[in-house]
Every structure is written in C-alpha cells, then in structure tokens.
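Single-letter residue listing:
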Amino acid sequence: MTSALQNFRRPPGPTEPVTLGIDPETLTTLQELQQEYGDMVSLTKPNGRVAYFINDAAEVRRILTRRHSKYRKGPGFERVKMLLGNGLIVSDGEVWRRARRMIQPAFSRQNVHRLMQVMVECCDRRAVQWAGLAANSEQCNITAETSDFALELILISIFGSDYETRIVAEGDNPFDFLSRDSTRDLSVVMKVRHLRDLLLSIIEARRTGSDSDEFDFLSMYLQATDKGGQPFSNAELLDELMTLIVAGFETSANTLNWVWYLIAKHPDVETKLIAEAEEYLPSVSAMNADSLSAMQYTQQVLEEALRLYPPVWLFTRRSHEDDELDDFDVAPETDIYLSPFILHRTEHYWPDPEQFDPDRFAVTDKPKKDRPFFPFSLGPRRCVGEYFSFLEMKVHLGLLLPRFHMQLVDDSQPALELGINLRAAKDIFMKPTER
Ligand code: HEM
C-alpha cells in the first residue's frame, strides 16, 4: 500500500455494502446511517463504488458553493436525462456553463414580474373551478388542482399565445401526462417523443415567423446567444424547454399541495395569511412586485413548508477531482448524497423539527449558516426559477385563500412518495367553501 493510500482519511461507516437509490428505502438507510455514524458517513455500494453521505451543514454548503467545480451531477440523473435530454438540470461542465449564462437573464426579476398577469389569470381559472365545486358541495382534489395550476402557468409562461393555438388546440393537453403519470415506462417515452415533435414544430414556426412582440420564455431563449454570438440549436432548445417544463411545474405544484394541507391543519396560520393578503392585496389591481414582496408572513409559511417538504429531497453528486471535507479525503469518482429533507429535520439545527412553525423564518439576526435550509440548492447551480416560484405561490395564496376555505376530507397525515420529487403518496381531497 502506498503511503498516500495509507493516509487516506475516510469517514466512519458500515463495512458491508449498502444499496442507495432515490426511493423510500434510501431515506430510511440514510437516517439509520446518520443515527449510527454521525453527520459524515462513508460506505461502499454493491458495485464497489465508494459513496459519502454528508449531513454536516457547513460541508454541504462547501460542496454546493466554493467546491462546486470539483463535483458533477451524480447517480439517478441518468433517469432524468432519458426524459429531459441534456438540459440545464442534467448537463455539466462547459455545456452547463454556456447554457446557464444564456438562460439566466430570462429569469431576472424584471422579466418574472412581466409574467405576473399570467399568474393571476391561472388563479382566476382555479377560482371558477373551485366556486363551482363549492356551490355543488363537491370535493376538490387539491393535488390535481395545484398541479393543473402550475402546469398551465409554466406552459403559458413559455409559449405565450402558442399555448392556446398550438397546445390546447391539440385536444387533450399533451403535457397532462407529466402531472398525472409517475411511471417512467415505455408509454411515457412515446408521449415524450410526441411532445418533442410538437415542441419542434412550435420552435420552427417561431424561427420562421414574423417578429412578434410576444413576451415569453421561448422568445427569450430564442434570442439568447453565447459569448461567440451563437444561439441555441433546435436540439438544445428542445432539451432546455423540456427541462423548464418539468423543473418548473412539479416542484411548485407539490409545494402548494403541502401548503394547502398545512394551512388546513393550522387555522391560526390561515387567519394570519388572510389578514396579510387583505392588507397588501385588497384588489387584484393593487397587486405589484412591491406588494407581493411585502407579504413577509406568506413568505415564512412557504419557507416552512419547503423546510418540511423539500420537493428535491435528495441531491446526488460525483466527485471528479480530489477534495477534502472536514477531516476527510474525497477521491475522484466518489458518489455524494446530500438530503435537504434530512438536514431540514435534524434536531440540532432545527429544534422540534417535525413541528410546522412559520415563525422560525421570521426575520432575525441569527446567522443563516446556523440553520441549513437549501430547498433550491445553493451556489452556482442554485435553482434558476426560485424567484418565479415564490412569486407564483404568493399570487396563488394571496388571491385564492381569502376567497376559499378548504377543509380536509381526511385528517390523517399523508404518506410520502419519495421519487425524484417528494410528493404526497395519495391525492389530497378538500371541501371548499366560499368565504
Ligand atoms: C418550489 C419550487 C422549486 C424548487 C423547490 C426547486 C428546486 C430546485 C433544485 C433543488 C435545483 C437544483 C437541483 C440540483 O442541483 O441537483 C433546481 C434547479 C433548477 N430549477 Fe428549480 N425548483 C423550483 C421551481 C422551479 C421553477 C418554477 C423553475 C422554472 C420556471 C425551475 C427551474 C430550474 C432549473 C432550470 C434548474 C437547473 C439549474 C442549473 O442546474 O443551472 N425551478 N431547482
């Protein structure tokens, strides 16, 4: 053995091989490892690959921020790649850097504010639907409703009026299966192929069409150029659009689903949210970026929901250079597992962690690093849609909650489905009444 190998410092961990995936068993395994070995654990997978599970807030921060260039996306992303191609979420290195630079400006606050009216219209459609259910004393499937809301919003934000003319005109919305089908079997592959054909025809029509003053993500993506002045090719655009659709709706939809559930369980929180909405949004015409950013309590509720139910509950990375974390060494080709779900519920960072308490996020002087919170990741690969999603969720709650009271049909705690995204295992039903 060379002295370098002898001196290699590996975190403690089990000697038997351990299987890790992106599934409920993995959550249990990681929690048990943390219990037994602490916040830095090393293990060997059945295929012989070494993996570290990191639950130390400072080291997680370091991997995602200052040391991010030493890591690439890790196991599990192959599956995502099958669906999304090599778009922003899965790409790495220079391909990712170029695409991120081209895409980032589309998500400036100023641009996102221009989509606020679309957010309002998507809420209006939900309000019509919910008023009908309330009038007939029917139940509302809030999981399907939040999913439809977020899917429709992202599609109109991307395609503008092409959503009506090219997508809705197809009959059944060809994107619907994304919100309904959790399987990734062959039928989904066929549907994705059909979708890509549809997207390509929209892209080609936009490229050859006369200049329109349409404002949507597609027009911004079409205008974006890299440092050499090159725009995205059609193949690149297809991957980026698929990425934006999937990344942009499921996460926000799941968060809103949990928020409605948590509000129904906490009437005191509901009262405060309504009071805030009535103060800052007395009418839709009073809504603007300033009134929404003043809704501090709504922000706290959203953050606390994201602490308990971070949609991306497990991140994976693979090192491609040597690194050092805490007192340990990381060799190239080591798999890294980080879990916002576990870290957000670790008692020494978050006292009484299972308790839903939006006041944890009240503005204080407490340094942020003392309470790890990264539902949108951190560092250069941090979610590009974070501001968009907070705005859409604030508009959604600010307009719909003062109008509708939602009562849970089944009071029990929903089971979790832990796939690539964390969702409620079963749809949540509520009984709406108009206030
Ligand atoms: C509650 C809502 C959301 C949550 C919790 C969330 C979370 C995340 C997380 C954790 C990542 C990083 C994943 C990783 O590095 O492994 C990410 C990346 C990304 N998100 Fe979001 N997201 C949300 C909403 C959105 C929305 C609304 C959009 C688009 C409109 C969006 C677009 C993206 C994109 C394009 C990336 C890839 C960024 C990159 O790698 O450069 N997300 N998101």
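Structure: above.
Residues numbered from 1 in each chain as written. Predicted model: local features only at pLDDT ≥ 70, side-chain atom pairs only at ≥ 80, totals over all residues. Heavy atoms only, no water.

Enquirer: Please provide a residue-by-residue account of the coordination of the iron atom of the ligand, values included.
Expert: Among all protein atoms, only Cys383 (SG) binds the iron atom of the ligand, sitting 2.3 Å from it. Tracing the chain through its elements places Cys383 in the loop between helix H17 (340-343) and helix H18 (386-400). (Donors = N, O, S within 2.8 Å, 3.2 Å for Na, K, Ca; no water. Helix = DSSP H or I, 4+ residues; strand = E, 2+ residues; numbered from the N terminus.)

Enquirer: Requested: an account of the packing of helix H13 (residues 234-265) against helix H16 (residues 296-308), with residues and values cited.
Expert: Between H13 and H16, whose axes approach to 10 Å, the crossing angle comes to 105°. Relative to H16, the element H13 is oriented roughly perpendicular. For the pair H13 and H16, contact is made by Thr255, Val259 and Leu262 and by Val301, Leu302, Ala305 and Leu306, respectively. Of the residues assigned to the contact of H13 with H16, the class counts are six nonpolar, one polar and no charged. (Axes fitted to C-alpha atoms, helices over the stretch in contact; angles between N-to-C directions. Parallel < 35°, antiparallel > 145°, perpendicular 65-115°, else oblique. Contact = heavy atoms within 4.5 Å. Nonpolar A, V, L, I, M, F, W, Y, C, P; charged D, E, K, R; others polar.)

Enquirer: Before we move on, could you go through the site of the ligand and cite the residues and values that matter?
Expert: Taken together, 27 residues are adjacent to the ligand, and Lys73, Trp96, Arg100, Arg317 and Cys383 come closest. Contacts to the ligand include Arg317, whose side-chain N or O atom sits 2.8 Å from an oxygen atom. Within the side chain of Arg381, a nitrogen or oxygen atom sits 3.1 Å from an oxygen atom of the ligand. Of the residues forming the shell around the ligand, the biggest block, six residues, is contributed by H13. (Near = heavy atom within 4 Å. Polar contact = N/O pair within 3.5 Å; in protein donor to acceptor, adjacent residues only side chain to side chain.)

Enquirer: Residues and numbers for helix H4 (residues 77-84), please.
Expert: Taken together, the buried positions of H4 are occupied by Phe77, Val80, Leu83 and Leu84. Along H4, the residues classed as buried sweep out an arc of 115° about the axis, all on the same side. Projecting away from the buried face of H4 at angles above 90 degrees are the exposed residues Glu78 and Met82. One or two steps after H4, the chain reaches Gly85, where phi turns positive at roughly 70°. (Buried < 20%, exposed > 50% of the residue type's maximum accessible area, 1.4 Å probe, protein only. Arc of directions from axis to C-beta.)

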